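Residue strings, one per chain:
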Amino acid sequence: MGFRCGIVGLPNVGKSTLFNALTETQAAQAANYPFCTIEPNVGQVAVPDPRLDKIAAIANSAKIIPTQLAFVDIAGLVKGASKGEGLGNQFLGNIREVDAVVHVLRCFEDDDIQHVANKVDPLADAEVVETELMLSDLESLEKRVPAAEKRATAGDKEAKLTASVLGQALALLREGKPARLTEPKDDEEARIFSQAQLLTAKPVLYVCNVAEEDAAEGNELSAQVFAKAAAEGAQAVVVSAAIEAELVGMPMEDRQEYLESLGLEETGLARVIRAGYDLLELQTFFTVGPKEARAWTFHKGAKAPQAAGEIHTDFERGFIRSETIAYDDYVALGGENGAKEAGKLRQEGKEYLVKDGDILHFKFNV
């Protein structure tokens, strides 16, 4: 499954530079002027997971297939986007199509790079984008909620639920709060809320783009962003787009040494992915054999048939059981045969909650 993250922010905060570095392409034109990104560029990124390499080595798998993550580089937003200023309508439409918002905030000083507001203030930048998203949602709900309330008085049960859950979101927006703070009471309300496709319902990951010397510890500006994220229940990471761009041009064997020289243990991509996984409550299971070892992404709390459905809908529809080995057991016991002999290969049914790192083999009949 993977997930689709829209990279957003004001012009000239480093969105396209970060996109190019993360996807190791030059698909987005990184230029020092506003609106250099007109159409949203999409880059597919392999999700790094050392567990996959380890189980592939044990099984002597011929191929290794990691799960994929999509980054969408979306055109820079300016104040007034909700009224169509700049590339407003296009920007808002592109955000509607992503699973999570990766909000890049400039946390570095550089006289050579123009800032749209002529000052570096990541909290003010964040407020500009958030305000435009809230205004767009507010305008939408101020039409939809009264219409739902009117249908509800005529006895429409679906409209009654819609008026209730979207009414909560409207109240939050009127208080200057994002719609994602809405708390649906049950699965039906959650379905209606999800179908509303509100822009401020998207989970948010703040990426603090810092100078190279601040990449390990961050700085005062990034600390402000982390405090904001904590208050909102969002996620934040520190990344230096400049460092990520440097890494792209390096041989793989030199990258770790370069990172360590800067006091870093991993790339910005790895930090963004891990934070994104936490944000969307995603986890990974594996399938492994002599032909291939493969990683699959699933939502935390999924049962075995739902996980099987990530491979193919027929697997979910005709699910019988899953042969399951915990990752630690698979590695410690030298693979499937060792796990079988030790009694660590389990037969799990439809109610089994899949765990992160499980190695699964599904039995199904369609």
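Scroll up to find the structure.
Worth saying up front: this structure is predicted, and the values here are computed from it rather than measured.

Participant: Which residues make up the nonpolar core, and what are the values?
Facilitator: Generally speaking, a soluble globular protein has its nonpolar side chains buried in company with each other. One finds F71, L205, Y206 and V207 to be the most contacted residues of the largest nonpolar core, which totals 52 residues. The dominant element in this core, judged by the number of residues it contributes, is helix α10 (residues 268–280), at seven residues. Core analysis: the second largest hydrophobic core is formed by 14 residues, V165, A179, I192 and F193 among them.

Participant: Which residues make up the pattern of salt bridges, and what values go with them?
Facilitator: As enumerated under the stated definition, the model contains 15 salt bridges in all. A salt bridge links E266 to R274, with the shortest nitrogen-to-oxygen separation between them at 2.7 Å. Judged by relative accessible area, which is 25%, E266 ranks as partly exposed. Across the salt bridge formed by R317 and D314, the nearest N and O atoms sit 2.7 Å from each other. With R317 and D314 both in helix α12 (residues 313–317), this residue pair falls three residues apart, about one helical turn. Accessibility expressed as a relative area gives 62% for R317, which makes it exposed. By sharing partners, the salt bridges in this structure join E130, R180, K228 and E232 into a single network.

Participant: Pulling in residues and values, what's your account of the packing of aromatic side chains?
Facilitator: When we look at a pair of aromatic rings, we describe it by the centre distance and by the angle of the planes. Taken as a whole and judged by the stated rule, the model has five aromatic pairs. Here the aromatic rings of F285 and W296 are separated by 6.3 Å at their centres, their planes lie at 15 degrees, and the arrangement is stacked. One end of the pair, F285, is in strand β8 (residues 282–288); the other, W296, is in strand β9 (residues 292–299), and eleven residues separate them in sequence. With respect to burial, F285 and W296 carry one shared label: buried. Judged by centre distance (5.9 Å) and plane angle (50 degrees), the ring pair of F285 and F298 falls under tilted. With F285 in strand β8 and F298 in strand β9, the pair connects residues that are 13 residues apart, well separated along the chain. Owing to a relative accessible area of 0%, F285 belongs among the buried residues under this scheme. Counting every residue linked through ring pairs, the aromatic cluster contains F285, W296, F298, F319 and F362.

Participant: Run through the environment of E232, naming residues and quoting values.
Facilitator: Relative to the helices and strands, E232 resides in helix α7 (residues 220–232). Among the residues examined, E232 registers a relative accessible area of 25% and is labelled partly exposed. Separated by 51 residues in sequence, E232 and L181 have C-alpha atoms that sit 8.7 Å apart. Ignoring sequence-local partners within four residues, the contact set of E232 consists of E130, R180, L181 and Y206. In this structure the side chain of E232 is engaged in a polar contact, spanning 2.8 Å, whose partner is the side chain of Y206.

Participant: Account for the side chain of T287, naming residues and giving values.
Facilitator: Along the chain, the position of T287 falls in strand β8. For T287, a relative accessible area of 16% gives the class buried. Separated by 3.0 Å, the side chains of T287 and W296 make a polar contact.

Participant: Please provide a residue-by-residue account of the pairing of β9, values included.
Facilitator: Bridging between strand β3 (residues 63–65) and β9 involves three bridges; their strand directions are parallel. Bridge pairing in β9 links I65 to R294. Of the strand pairs in this sheet, β8 and β9 are connected by seven bridges, and their pairing is antiparallel. When the bridges of β9 are listed, Q283 appears paired with F298.

Participant: Can you explain the sheet that holds strand β1 (residues 4–8)? Please cite residues and give values.
Facilitator: To summarise the sheet geometry, strands pair through backbone hydrogen bonds and adopt either a parallel or an antiparallel arrangement. Strand order across the open sheet formed by six strands is β2-β4-β1-β5-β6-β7, with mixed pairing between neighbours. The open sheet is flanked by β2 (41–46) and β7 (235–239), the only strands paired with a single partner. On average, each strand axis in the sheet is inclined to that of its neighbour by 25 degrees, with strand direction left out of account. Sheet topology places β1 next to strand β5 (residues 100–106); four bridges connect them, and they run parallel. For G6, the partnering residue across the bridge sits in β5 and is V101. Running at roughly 145 degrees to β5, helix α4 (residues 122–153) makes contact with β5 and β6 (204–209) of the sheet. Those strands touched by α7 are β5, β6 and β7, and its axis lies near 175 degrees from that of β6.

Participant: If you had to explain the packing of helix α1 (residues 15–23) against helix α8 (residues 241–248) to someone new, which residues and values would you point to?
Facilitator: Where α1 contacts α8, the two axes come as close as 8 Å, and the packing angle between them is 35 degrees. In the packing of α1 onto α8, the handedness of the crossing is left-handed. Touching T17, L18, N20 and A21 of α1 are A241, E244, A245 and V248, all from α8. Class assignment for the residues of the contact of α1 with α8 results in five nonpolar, two polar and one charged.

Rules used in this analysis
Residues numbered from 1 in each chain as written. Predicted model: local features only at pLDDT ≥ 70, side-chain atom pairs only at ≥ 80, totals over all residues. Heavy atoms only, no water. Core = buried A, V, L, I, M, F, W, Y, C linked by side-chain atoms within 4.5 Å. Buried < 20%, exposed > 50% of the residue type's maximum accessible area, 1.4 Å probe, protein only. Helix = DSSP H or I, 4+ residues; strand = E, 2+ residues; numbered from the N terminus. Salt bridge = Lys/Arg side-chain N within 4 Å of Asp/Glu carboxyl O. Phe/Tyr/Trp six-rings, centres within 6.5 Å; stacked < 30°, edge-to-face > 60°. Contact = heavy atoms within 4.5 Å. Polar contact = N/O pair within 3.5 Å; in protein donor to acceptor, adjacent residues only side chain to side chain. Pairing = 2+ DSSP bridges. Axes fitted to C-alpha atoms, helices over the stretch in contact; angles between N-to-C directions. Left-handed = near helix turned anticlockwise from the far one by under 90°. Nonpolar A, V, L, I, M, F, W, Y, C, P; charged D, E, K, R; others polar.

Honestly, that's just the spatial picture; any functional story needs more than this.
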